[in-house]
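# Analysis of the macromolecular model
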Amino acid sequence: MDTRPKVSSLLSRMANYTNLTQGAKEHEEAENISEGKKKPTKTMLTAISMSAIATNGVVPAGGSYFMISRALGPEFGGAVGLCFYLGTTFAAAMYILGAIEIFLVYIVPRAAIFRSDDALKESAAMLNNMRVYGTAFLVLLVLVVFIGVRYVNKFASLFLACVIVSILAIYAGAIKSSFAPPHFPVCMLGNRTLSSRHIDICSKTKEIGNMTVPSKLWGFFCNSSQFFNATCDEYFVHNNVTSIQGIPGLASGVITENLWSNYLPKGEIIEKPSTKSSDVLGSLSHEYVLVDITASFTLLVGIFFPSVTGIMAGSNRSGDLKDAQKSIPIGTILAILTTSFVYLSNVVLFGACIEGVVLRDKFGDAVKGNLVVGTLSWPSPWVIVIGSFFSTCGAGLQSLTGAPRLLQAIAKDNIIPFLRVFGHSKANGEPTWALLLTAAIAELGILIASLDLVAPILSMFFLMCYLFVNLACALQTLLRTPNWRPRFRYYHWALSFMGMSICLALMFISSWYYAIVAMVIAGMIYKYIEYQGAEKEWGDGIRGLSLSAARFALLRLEEGPPHTKNWRPQLLVLLKLDEDLHVKHPRLLTFASQLKAGKGLTIVGSVIVGNFLENYGEALAAEQTIKHLMEGEKVKGFCQLVVAAKLREGISHLIQSCGLGGMKHNTVVMGWPNGWRQSEDARAWKTFIGTVRVTTAAHLALLVAKNISFFPSNLEQFSEGNIDVWWIVHDGGMLMLLPFLLKQHKVWRKCSIRIFTVAQLEDNSIQMKKDLATFLYHLRIEAEVEVVEMHDSDISAYTYERTLMMEQRSQMLRQMRLSKTERDREAQLVKDRNSMLRLTSIGSDEDEETETYQEKVHMTWTKDKYMASRGQKAKSMEGFQELLNMRPDQSNVRRMHTAVKLNEVIVNKSHEAKLVLLNMPGPPRNPEGDENYMEFLEVLTEGLERVLLVRGGGSEVITIYS
């Protein structure tokens, strides 16, 4: 039954899609509540990139995390998203601490619990007050968020109103200052700014009654309170004390002094350049207002940046928005435009209304700690105080609302397993567990109380998030993926790259070491997610980039064959499956992993005999089995299953078609058909020889592992031993290269390489050894060299006997296969003599090879035919008797003699070797000699525990040149 949905039902579900979680009907139109309080970026580039991503499909909960993860993959999304979550959470702590500082310093100073008359302990007491009040205030805000987002929205409206009133009060105060500036005196000594915290009057003397007496300021610069016999500071003597207006007003022209930058080092006295003073130095009294920190552009960027990190406030709550695609671009861009205007206009107004010495006075020492902006505003400084308090409260509330939703989105994607519990929520959609974790982390920031060291890292996390938002937009635009169809049209990949570059530059300009710390943290999260295997297919841009890079590389590789210096074995490992679709020889994969050590191409192929339409499910199951085994053996590569009617055809298809373009295999790895002598079925060894022929025809190298079950696992490590190479004929250098590659793996690393070559009687063994040693030296391969002399000798009786046994066995097997059908039919006749049966000959996988021995048609069996077959059987027995008197073929005798003699030498030298590598001779041209070929190889490798037969592909694979 077709279970696919109808078009009408599909369209209905898509049209009525909502990204609100079930039960979240109480959520109001959150997109309209707080966009005006979000802060701008340095530019609008990140907002443009985010708008493009946000309008390219539905944006559920998760905001920036969702955008980055779906565009760049789970690893990047999880790493950046988690860092952004931590930044948002600690930002909540910073906002709360800012609110408490305003409360204790400007609103209710008497509310301080901890006090100290000692100036040195005063700051410590203030930190304790902030910890106590900050914790209480955090609990209050968490309760508001816990109750529901609609209450957050109601409070946000109140906070927004307070902020707007505060901004309007500043503009009103600036306008009023142009005709009625506020009284805001600043005491100056010459052109130097004096601290007003401990002086009673801005004068050297004061009038008490009819007497002129020294003021407190006199006592700070002179060693006596009397006019006579007093020694005073030279600068104090030569300069007058004056009082200037700290806020001269909009019409004063003070903007000309404040227009250009003038960065001062730490400890420098804050001076008014336009005021004349005597050119004497004097001592640096504590009553001057000093620069508390060395100023620079990068420092000011670092100080200012936390105030513009609200760009993601709306996107973090994308799950609560009715139409995130519409609300995020419009709200974010309008918020940036609005707040950018507010920030820039305030900067201009402050520079045009306030003296530079006051602007530089960070702690307000020159104005008795009064709030300068509050004094400027109209009608009252309390408007600014209350507005600032509620602004920080609102920012903290928004952070505590957005951060849990961000964490919940990460947890629900299940890319970080230990965060899974934080994906649960209440019936109304509130992320309860995520909120509790956010509150705990924020409490850590409050207990620190002073976040001067933590704040730069938070800025790095925000910048990193913005960087990857820009990267995601640029990548999707350049890849031109069919799914990239954003409704927001005002974007360009160049703008995104510019935004990304600015973010990266700001990270290192602000603090290069904090930038490195942030990147290391994000990198650790990335590797953890990658290690846990976040198998998520989101159609991300990184995968698209990989496909584009792979296509480009494959097209480049197609230009020609690789140079000898770049040649490495690209393996096609042929595995055999049993009836249960399990791999018969898994050690072949183990050997492949040891040979490759994670480098180059590895294709693992296998064949399922049958019909593709009927065996497709089996093929998928077998593919999963092989992939699981590859993962266990740490084989990095691809799996290729072929369903074919015949095994040999399937193997031929694999050898011909595996790989793509220039990324194809150049070496075939297979196992030796064990027990082929004892098997009456010729399929195993005929398939083996057929594979050798196909590999040779394709000009591919061939590696045949004999006794593969004795090969070491990846857990075994040889502490000593030899890898022996028997170099009989030159094969392009495969025999030299393979042991070198094996020694790169920990299993074979401690083994030594020994290379043996065979010298005939007419060869100069000493010179051969020198030449081979020189050749290995140029190849940069460390190996022991030995030349083995093989003298011509008479053919032994043992050789004749082995050859005769081989030929007799071949003839007997042919006769046995001839009579197999008759024996089966005779057994069936005994079972039911009076029945007329139709029998089918037992066909093999190699019908084309065995059709001369088997009948391929159904036939009616009669008594006459039975008697005729008995006569044929008697003739066959006579044929067996003749085999006993036959003489072996002389060419077979010579081949057997070579194999026996060479085997004796190899066993004598290499019987204790951990692995023996041999040249593999090619199969005979005449298929009638296939069984003899198998016998020769069997004799050649007798008595050896682990053997790797190697046949080159016809090209050089190693070179002496750099």
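Quantities reported herein were computed from a predicted structural model and do not represent experimental measurements.

### Thoughts on the overall build of the protein chain
A count of helices and strands for the protein chain gives 30 helices and 17 strands. Buried residues in the protein chain amount to 47% of all 962 residues. For the protein chain, the share of sequence-separated contacts (at least 6 apart) that also reach a separation of at least 24 residues comes to 80%. For the protein chain, the accessible area works out to roughly 49400 Å², and carbon and sulfur atoms hold 59% of it.

### Some points on the confidence of the model for the protein chain
Overall, the predicted model of the protein chain reaches an average pLDDT of 79, with 80% of residues at or above 70. The low-confidence segment residues 829-863, where pLDDT is below 50, has 56 contacts with residues more than four positions distant or belonging to other chains. Under a pLDDT of 50 for its full length, residues 873-885 has, in the predicted model, nine contacts with residues more than four places off or in other chains.

### Considering the pattern of salt bridges
Per the stated rule, a full pass over the model turns up 14 salt bridges. Here K272 makes a salt bridge to E257, at a shortest N to O gap of 3.1 Å. With K272 in the loop between α9 (255-258) and α10 (297-304) and E257 in helix α9, the pair connects residues that are 15 residues apart, well separated along the chain. We classify K272 as buried; its relative accessible area is 9%. Salt-bridge contacts for E355 lead to K272; the nearest nitrogen and oxygen are separated by 2.9 Å. You can see E355 sitting in the loop between α12 (324-353) and α13 (356-360) and its partner K272 sitting in the loop between α9 and α10, a full 83 residues away along the chain. Exposure class is identical for E355 and K272. Each is buried.

### Description of the sheet that holds strand β9 (residues 667-671)
Pairing is mixed across the open sheet formed by 10 strands, whose spatial order is β8-β7-β6-β9-β10-β17-β16-β11-β12-β13. Of all the strands in the sheet, the pair left with one neighbour each is β8 (638-644) and β13 (784-789). The average undirected angle you get between the axes of adjacent strands in this sheet is 20°. With four bridges connecting them, strand β16 (residues 915-919) and strand β17 (residues 947-951) associate as parallel partners. Looking at the pairing, L918 lines up with L949 of β17.

### Digging into the environment of D365
Relative to the helices and strands, D365 is located in the loop between α13 and α14 (372-376). Residues contacting D365, with those up to four places away along its chain left out, are S195, S196, R197 and V289.

### So, helix α15 (residues 381-412)
A rise of 1.5 Å per residue sets the reference length of α15, with its 32 residues, at 46 Å; its end C-alpha atoms lie 47 Å apart and thus fit the reference within 8%. The buried fraction of α15 is high, at 24 of 32 residues. Positive backbone phi, approximately 60°, marks N414, located one or two places after α15.

Quick notes on the rules
Residues numbered from 1 in each chain as written. Predicted model: local features only at pLDDT ≥ 70, side-chain atom pairs only at ≥ 80, totals over all residues. Heavy atoms only, no water. Helix = DSSP H or I, 4+ residues; strand = E, 2+ residues; numbered from the N terminus. Buried < 20%, exposed > 50% of the residue type's maximum accessible area, 1.4 Å probe, protein only. Contact = heavy atoms within 4.5 Å. Areas by Shrake-Rupley, 256 points an atom, 1.4 Å probe, with all protein chains shown as cover. pLDDT = per-residue confidence, 0-100. Salt bridge = Lys/Arg side-chain N within 4 Å of Asp/Glu carboxyl O. Pairing = 2+ DSSP bridges. Axes fitted to C-alpha atoms, helices over the stretch in contact; angles between N-to-C directions. Expected span 1.5 Å × (residues − 1).

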